[in-house]
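Breakdown of the fold
These are the residues of each chain, in order.
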Amino acid sequence: MLSIKKYAAIDIGSNAVRLLISNIIEQKGKPVQFKKNSLVRVPIRLGADVFIKNKISKENTQRMVDTMLAFNLLMKSHKVVKYKACATSAMRESENGRKVVDLILKNSGISIDIIDGEEEAAIIAATDLNKYIDPDKTYLYVDVGGGSTEFTIIDRGNQVVSRSFKIGTVRLLNDMVLKETWQELEKWIGEHAKGYDKIDVLGSGGNINKIFKISGKNLGKPLSYFYMTSYYNTLQTYSYEERITELDLNQDRADVIIPAMRIYLSAMKWSGAKNIYVPKIGLADGIIKSIYYDTVSSNTQ
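Just so we're clear, the structure is a prediction, and the values are computed from it rather than from any experiment.

**Section: the overall build of the protein chain**
Within the protein chain, the regular secondary structure consists of 13 helices and eleven strands. A compact globule built from 301 residues should have a C-alpha radius of gyration of about 19 Å, and the protein chain, at 19 Å, falls within 12% of that. Taken along the three principal axes of its C-alpha coordinates, the protein chain extends 50 × 45 × 35 Å. Counting all 301 residues of the protein chain, 50% fall into the buried class. Taking contacts inside the protein chain between residues at least 6 apart in sequence as the whole, the part at least 24 apart equals 66%. Carbon and sulfur atoms make up 49% of the accessible area of the protein chain, which totals about 14800 Å². In the protein chain, 42 side chains carry a positive charge and 34 a negative one; their mean positions are 5 Å apart.

Right, here's the structure in full:
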């Protein structure tokens, strides 16, 4: 007996807002499959408002309402049976974040959870990484966002420790990351990586996915520290406009890609990792899985 249902995840980040619609395929005697059906991304960049003025502007509040209305219509068209919307660092640090969430619910019918950094790290790390990792290896999992970056040590398939740091691409663009925060991150990585002989980095987020695509590497193959450093240096020889016209980057990717690479390279350097693997998963994938497993557990109680 085959059952296919559609679930949706809405990820409201500091750089962009995403709607992921996935097919949940259940077949008796076989493990459940999560298959990506549709992904829509809107670059609203809430972090540019919040990290400078501490609140979401009127213009971006209206854009959020319009986007959530559109997402609701798309979910209806796709016949989505369950959804979950999560907002991360920009919304949780905004003075008017709760007011904006209430306004969105009233005008679009979309209910949003504002989640903290630790919950964000847990949702991301709960994605089925076992499909992408070697069970005998140790990894530092790095999910770079616009407002924060989540770090998780995974040893032999088990999550050892997680931490969220207020170091993100939009924050870095606006020169809003303290030197002390970098030092704290370096110390945290050093302390938690020192007990292992060898660590590889697992990278997630839109920027590393783009870098991986540009590299032309086959899925499952890593990017080396040498490649990452070389590409980082190359990017900095181009102006913002040239990155759009000559490197074919979207305008909302052309500026944040450099600070994103700085975060990944720092994580590799401080953990001693020579390679970074890119499994192409993120918060939205984790949200889909959390909806499914919450549903399963509530049905079995």
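**A few points about the environment of A90**
Mapped onto the elements of the fold, A90 is located in helix α3 (residues 89–93). A residue is classified by how much of its surface remains accessible, and A90, at 1% relative accessible area, is buried.

**Digging into the nonpolar core**
Core analysis: the biggest nonpolar cluster contains 39 residues, and L140, F151 and M228 have the highest contact counts within it. Looking at this core, the elements that each hand over two or more residues are β6 (138–144), β7 (149–155), α7 (179–193), α8 (206–215), α9 (225–235) and α12 (257–271). Of all the elements, α12 adds the most residues to this core, at ten residues. The contacts of L140, once residues within four sequence positions are left out, are F151, T152, I153, W188, I189, I199, D200, V201, L202, A267 and S271. In terms of nonpolar packing, the next biggest core, distinct from the first, is built from 27 residues, I10, I56, M64 and V65 among them.

**Topic: the sheet that holds strand β5 (residues 112–114)**
Strand order across the open sheet formed by five strands is β3-β2-β1-β4-β5, with mixed pairing between neighbours. Two strands lie at the open edges of the sheet, namely β3 (33–42) and β5, each paired on one side alone. Each neighbouring strand pair of the sheet contributes to a mean axis angle of 20 degrees, computed without reference to strand direction. Sheet topology places strand β4 (residues 82–87) next to β5; three bridges connect them, and they run parallel.

**Structural notes on a negative patch on the surface**
Among the surface-exposed residues, D113, D116, E118 and E119 lie close enough to one another that they form a single negatively charged patch. Relative to the helices and strands, E118 is located in helix α5 (residues 117–125). Taking relative accessible area as the criterion, E118 reaches 42% and is therefore assigned partly exposed.

**A look at the side chain of R253**
Tracing the sequence through the fold places R253 in helix α11 (residues 251–254). Buried and unpaired, R253 has no salt bridge, with D252 as the nearest side chain of opposite charge at 5.5 Å. With residues near it in sequence (within four places) discarded, R253 still touches R41, G206, N207 and K210.

**A short note on the packing of α8 against α9**
With their axes 12 Å apart at the nearest point, α8 and α9 run at an angle of 100 degrees to one another. With respect to α9, the element α8 is oriented roughly perpendicular. Note on element contacts: α9 touches α8 through Y227, M228 and Y231, opposite I208, I211, I214 and S215. Here the contact of α8 with α9 is composed, by residue class, of six nonpolar, one polar and no charged.

**Digging into helix α2 (residues 58–78)**
The α-helix advances 3.6 residues per turn, and as a result positions three or four apart in sequence lie on the same side. Along its 21 residues, α2 runs 30 Å from first to last C-alpha, staying within 8% of the 30 Å computed at 1.5 Å per residue. Buried residues of α2: N60, T61, M64, V65, T67, M68, F71, N72, M75 and H78, and no others. Two residues or fewer after α2 comes K79, characterised by a positive phi angle close to 60 degrees.

**Focus: the pairing of strand β9 (residues 200–204)**
With five of its five residues buried, β9 lies for the most part within the structure. On β9, burial covers both faces: D200, L202 and S204 on one face and V201 and G203 on the other are all buried. Bridge count for β6 against β9 is five bridges, and the pairing is parallel. Residue pairing for β9: D143 is matched across the bridge by S204. Across two bridges, the pairing between β9 and strand β11 (residues 275–277) is parallel. Directly across from V201, in β11, lies its bridge partner I276.

Parameters and conventions
- In this convention, every chain numbers its residues from 1, walking through the sequence in written order.
- Owing to the predicted nature of the model, reporting of local features is limited to residues with pLDDT of at least 70; listing and counting of side-chain atom pairs is limited to 80 or more, with chain, interface and lining totals taken over all residues.
- The side-chain numbers reported here are obtained from all heavy atoms of the structure, hydrogens and water having been left aside.
- Counting from the N terminus, the helices are the DSSP runs of H or I reaching at least four residues and the strands are the DSSP runs of E reaching at least two.
- What the globule rule says is 2.2 Å times the number of residues to the power 0.38, and the radius of gyration is computed from C-alpha atoms.
- The cut-offs for exposure are 20% and 50% of the maximum accessible area for each residue type, with area from a 1.4 Å probe on protein chains only; residues under the lower value are buried, those over the upper are exposed, and the others partly exposed.
- Residue contacts are counted whenever heavy atoms from the two residues lie within 4.5 Å of one another.
- Residue exposure ignores everything except the shown protein chains as possible cover, and the areas themselves are Shrake-Rupley values with a 1.4 Å probe.
- Neither His nor the chain ends is counted toward charge; the positive residues are Lys and Arg and the negative residues Asp and Glu.
- Charge coordinates come from a single atom per side chain, which is NZ of Lys, CZ of Arg, CG of Asp or CD of Glu.
- The nonpolar core is taken to be a set of buried Ala, Val, Leu, Ile, Met, Phe, Trp, Tyr and Cys residues, with the residues joined through side-chain atoms within 4.5 Å.
- Two strands make a pair as long as DSSP finds a minimum of two bridges between them.
- Axis definition: a line fitted to C-alpha atoms, over the contacting stretch in the case of helices. Angles run 0 to 180 degrees between N-to-C directions.
- The residues that make up patches have over 30% relative accessible area and no salt bridge, and they are joined within 9 Å when like-charged or within 5 Å when they are Val, Leu, Ile, Met, Phe, Trp or Tyr.
- Any Lys or Arg side-chain nitrogen found within 4 Å of a carboxyl oxygen on Asp or Glu counts as a salt bridge.
- Every angle not falling under 35 degrees, over 145, or within 65 to 115 is termed oblique; those three ranges are roughly parallel, roughly antiparallel and roughly perpendicular.
- Here the term charged refers only to Asp, Glu, Lys and Arg, the term nonpolar to Ala, Val, Leu, Ile, Met, Phe, Trp, Tyr, Cys and Pro, and the term polar to all other amino acids, Gly among them.
- Each residue after the first adds 1.5 Å to the expected span of a helix.

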